[in-house]
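Structural overview
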Amino acid sequence: MSSFQFNSLINLKLTQESGQTSQSPWRHNSVGNMDEFNELIYLKVPSIINELNDETINLNNLPILLKLSQDKSNFNEFSYLYEFPKKVGNHQFSNIFDKNNLSNNEIKTIENEIKKELAKIYDLDFDLEKFYEFLLDDEKLAPSVDFCNGLRLFIAKDPFECIISSICSANNSIARWTKSIDKIKRNWGEKVEFDSGIFYGFPNPNQFLDFYETPIEEADADGHSYEIDCYTHNLKACGVGYRAPYMKKASQMILDEMDLNDIFNMTYDEAFDLILKMPGVGPKVADCILLYGFGFQEAFPSDVWIKRIVSHLYFDGDEISADKTRDFGIDYFGDYAGYAQLYLFHYARKSGLMEKIRK
């Protein structure tokens with residue numbers, strides 16, 4: 001496919017690997033002076049007529065492979081290509097999605113949707129330069145600009161995946177929860193084959209209800225045909241631990257009690273109160289979901305490290321609660337609260353401040 005370009009200040013690698021996200025980084029490859037990132041996304045586009053056999057193909061949730069590339073020395077732009085799927089599940093699509101079989105309008109619609117998705121996922125409409133002016137006016141935050149140049153919010157492709165990932169991340173390391181999410185995808189996600197490789201979608205809430213929570217539960221259903229260690233098609237085997245029932249209960253709640261699309265139209269306080277009702281979700285996880293899943297930039301996720309950083313910078317090191325930290329962040333940073341939290345965490349981690357606070 002043709003190559004397209006975005007002209008926006010963004011460090012793609014830093015944005016994906018900042019540690020403050022609710023989705024796994026995209027598949028990364030370093031080639032010379034270029035960073036490359038590949039990921040499966042789903043587009044909502046109109047139906048297409050397959051002229052080979054006069055078949056109407058419903059392209060709601062069309063899987064596309066995005067291939068981003070960025071010069072490691074230039075964070076003011078990045079380019080991207082995209083691929084159509086060869087095979088989705090057991091269905092072959094190689095001939096249908098040949099560019100020669102698509103009209104110009106169909107190609108234009110698909111490419112416009114890709115641009116919208118990229119702008120949303122990487123928050124490209126956010127004015128970083130204006131935000132940097134805000135940071136530079138605060139002597140405590142000013143040094144973060146150099147450490148975080150080009151860092152943007154990394155918004156989840158799918159709000160439901162963000163919710164499950166956020167529940168999985170509670171009291172968990174980045175490496176562990178991202179590995180768990182990858183196992184969930186490989187166990188139950190839709191398998192999509194491209195020329196560039198195989199990728200997996202994320203299961204939906206209905207599917208989660210049918211997942212076994214433990215190896216024992218899976219073995220019981222199978223009549224214990226194998227040794228217990230052989231049963232890996234369950235949530236505990238994915239490494240989610242005690243969070244397995246939370247994930248299933250949250251899925252049930254989403255199906256029975258809420259439409260996730262409605263949350264985008266709520267006020268921050270309304271959305272926070274609603275998300276907080278989910279099992280396994282406390283204030284910090286709720287704010288992560290709202291910030292990275294729904295783009296509520298006034299959210300200020302407050303864990304033990306953010307609490308220590310805020311205490312050190314703004315309260316002379318005095319002990320403060322997580323609630324007070326959150327209230328301070330929302331009041332002090334206002335509409336920039338989410339970005340301020342992102343920059344505070346990365347700055348503290350890379351500048352040595354976190355080690356200083358640890359000691």
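These numbers come from a predicted model, not from an experiment. (Residues numbered from 1 in each chain as written. Predicted model: local features only at pLDDT ≥ 70, side-chain atom pairs only at ≥ 80, totals over all residues. Heavy atoms only, no water.)

Details of the packing of aromatic side chains
Note on aromatic pairs: each is described by the distance of the centres and the angle between the planes. Selection criterion: Only the six-membered ring of Trp is used, alongside the rings of Phe and Tyr, when aromatic pairs are assigned; centres must lie within 6.5 Å, and planes under 30 degrees apart are stacked while those over 60 apart are edge-to-face, with the rest tilted. When a residue's accessible area, from a 1.4 Å probe over protein chains only, is under 20% of the maximum for its type it is buried; when over 50% it is exposed; and in between it is partly exposed. Going along the chain from the N terminus, every DSSP run of H or I of four or more residues is numbered as a helix, and every run of E of two or more is numbered as a strand. Two conditions define a charge sitting above a ring: the NZ of Lys or the CZ of Arg must be within 6 Å of the ring centre, and it must be within 35 degrees of the ring normal.
Enumeration over the complete set of coordinates arrives at 38 aromatic pairs. Both rings, one in F194 and one in F199, keep their centres 6.1 Å apart while their planes meet at 75°; by these two values the pair is edge-to-face. We classify F194 as buried; its relative accessible area is 4%. Ring plane angle 25° and centroid distance 5.8 Å describe the contact between F300 and F333, whose orientation is recorded as stacked. Within this pair, whereas F300 is found in the loop between helix 12 (283-294) and helix 13 (304-314), its partner F333 is found in helix 14 (residues 322-333), the two being separated by 33 residues in sequence. Each of the two residues, F300 as well as F333, counts as buried. In this structure an aromatic cluster arises from ring pairing among F126, F131, Y132, F134, Y336, Y339 and Y343. The cationic tip of R308 hangs over the ring face of W305; the distance from NZ or CZ to the ring centre is 4.7 Å. We note R326 situated over the ring of F272; from NZ or CZ to the ring centre the distance is 3.9 Å.

With respect to a negative patch on the surface
Cut-off, in case you're wondering: Like-charged residues within 9 Å of one another, or nonpolar side chains (Val, Leu, Ile, Met, Phe, Trp, Tyr) within 5 Å, are grouped into patches, provided each residue has over 30% relative accessible area and no salt bridge. Using a 1.4 Å probe, accessible areas were evaluated by the Shrake-Rupley method; residue-level cover was limited to the displayed protein chains. What makes a salt bridge here is a side-chain nitrogen of Lys or Arg within 4 Å of a carboxyl oxygen of Asp or Glu, nothing more. Under this rule, positive means Lys or Arg and negative means Asp or Glu; His and the chain ends count for nothing. Every charge is mapped onto a representative atom, which is NZ of Lys, CZ of Arg, CG of Asp or CD of Glu.
Taken together, the side chains of D127, E129, E133 and D137 present a region of like negative charge at the surface. Checked against the element boundaries, E129 lands in helix 3 (residues 128-136).

Overview of the pairing of strand 2 (residues 27-31)
Our working definition: By definition, two strands form a pair when at least two bridges between them are found by DSSP.
Direction of pairing for strand 2 relative to strand 3 (residues 34-44): antiparallel, over a ladder of five bridges. The partner of N29 across the bridge, within strand 3, is E36. As consecutive antiparallel partners, strand 2 and strand 3 are separated by two residues, and within that stretch G32 has a phi angle of approximately 60°, a positive value.

A look at the environment of N172
In plain terms, the rule: In what follows, a contact means two residues having at least one pair of non-hydrogen atoms within 4.5 Å. Counting of polar contacts relies on pairs of N or O atoms within 3.5 Å, with two restrictions inside protein: one atom must be capable of donating a hydrogen and the other of accepting it, and residues adjacent in sequence are counted only when both atoms are side-chain atoms.
Relative to the elements of secondary structure, N172 occurs in the loop between helix 5 (159-169) and helix 6 (174-188). Taking C-alpha positions, N172 is 9.2 Å from V240, a pair spaced 68 residues apart along the chain. In contact with N172, not counting residues within four places along its chain, are W177 and R243. One polar contact links the side chain of N172 to the main-chain carbonyl oxygen of C168, over a distance of 2.9 Å.

Topic: the pattern of salt bridges
Note on pairing: side chains with opposite charge can pair once their charged atoms come close. A complete count under the given rule lists eleven salt bridges for this structure. One salt bridge connects K67 with E83, and the closest N-O pair in it is separated by 3.2 Å. Taken together, the residues span a long stretch of sequence, with K67 in strand 6 (residues 60-71) and E83 in strand 7 (residues 78-83) at a distance of 16 residues. Residue K67 is classed as partly exposed on the basis of its relative accessible area of 23%. Given a relative accessible area of 15%, E83 falls into the buried group. R326 is the partner of D287 in a salt bridge, and the nearest nitrogen-oxygen pair spans 2.8 Å. Of this pair, D287 sits in helix 12 while R326 sits in helix 14, and the two are 39 residues apart along the sequence. Both residues of the pair, D287 and R326, belong to the buried class. Within the structure, one salt-bridge network assembled from shared partners comprises D287, R326 and D327.

Concerning the layout of surface pockets
This is how it is decided: Only protein atoms enter the calculation, which uses a 1 Å grid: trapped sets of points that fit a 1.4 Å probe without letting it out are cavities, open sets showing protein on both sides within 12 Å along at least five of seven lines are pockets, and any residue with an atom within 4 Å of a point is a lining residue. Grid points are joined across faces, edges and corners, and a volume is the space filled by probe spheres set on the points. Polar here means any residue outside two lists: the nonpolar Ala, Val, Leu, Ile, Met, Phe, Trp, Tyr, Cys and Pro, and the charged Asp, Glu, Lys and Arg; Gly therefore counts as polar.
Quantified by volume, the largest pocket comes out at close to 1,200 Å³. Going through the elements one at a time, strand 3, helix 2 (104-121), helix 5, helix 6, helix 7 (205-209), helix 10 (260-263) and helix 12 are the ones with two or more residues in the lining of the largest pocket. It is strand 3 that provides the largest number of residues to the lining of the largest pocket, a total of six residues. Looking at side-chain class alone, the lining of the largest pocket contains 17 nonpolar, nine polar and 13 charged residues. Approximately 590 Å³ is the volume attributed to the second largest pocket. Along the wall of the second largest pocket there are 26 residues; nearest its centre are S169, N171, N172, K284 and D303. By residue number, the principal contributor to the lining of the second largest pocket is helix 12, which donates five residues. Among the residues forming the lining of the second largest pocket, the class breakdown is twelve nonpolar, ten polar and four charged.

Comments concerning the confidence of the model for the protein chain
As a reminder of what qualifies: Every residue carries a pLDDT, the predictor's confidence in it, which falls somewhere between 0 and 100.
For the protein chain, mean pLDDT is 90; residues scoring 70 or higher make up 93% of the total. Of all secondary-structure elements in the protein chain, the lowest mean pLDDT belongs to strand 4 (residues 48-50), at 50, while helix 11 (residues 268-275) reaches the highest, 97. Within the model, the stretch residues 49-54 combines pLDDT values under 50 with nine contacts to residues more than four positions away or in other chains.

Comments concerning the sheet that holds strand 11 (residues 197-200)
Consider a sheet: its strands pair through backbone hydrogen bonds, and that pairing is either parallel or antiparallel. As summarised here, the arrangement of the four strands in space is 9-8-10-11, forming an open sheet in which the pairing is antiparallel. Both outer strands of the open sheet, strand 9 (91-92) and strand 11, are each paired with one neighbouring strand and no more.

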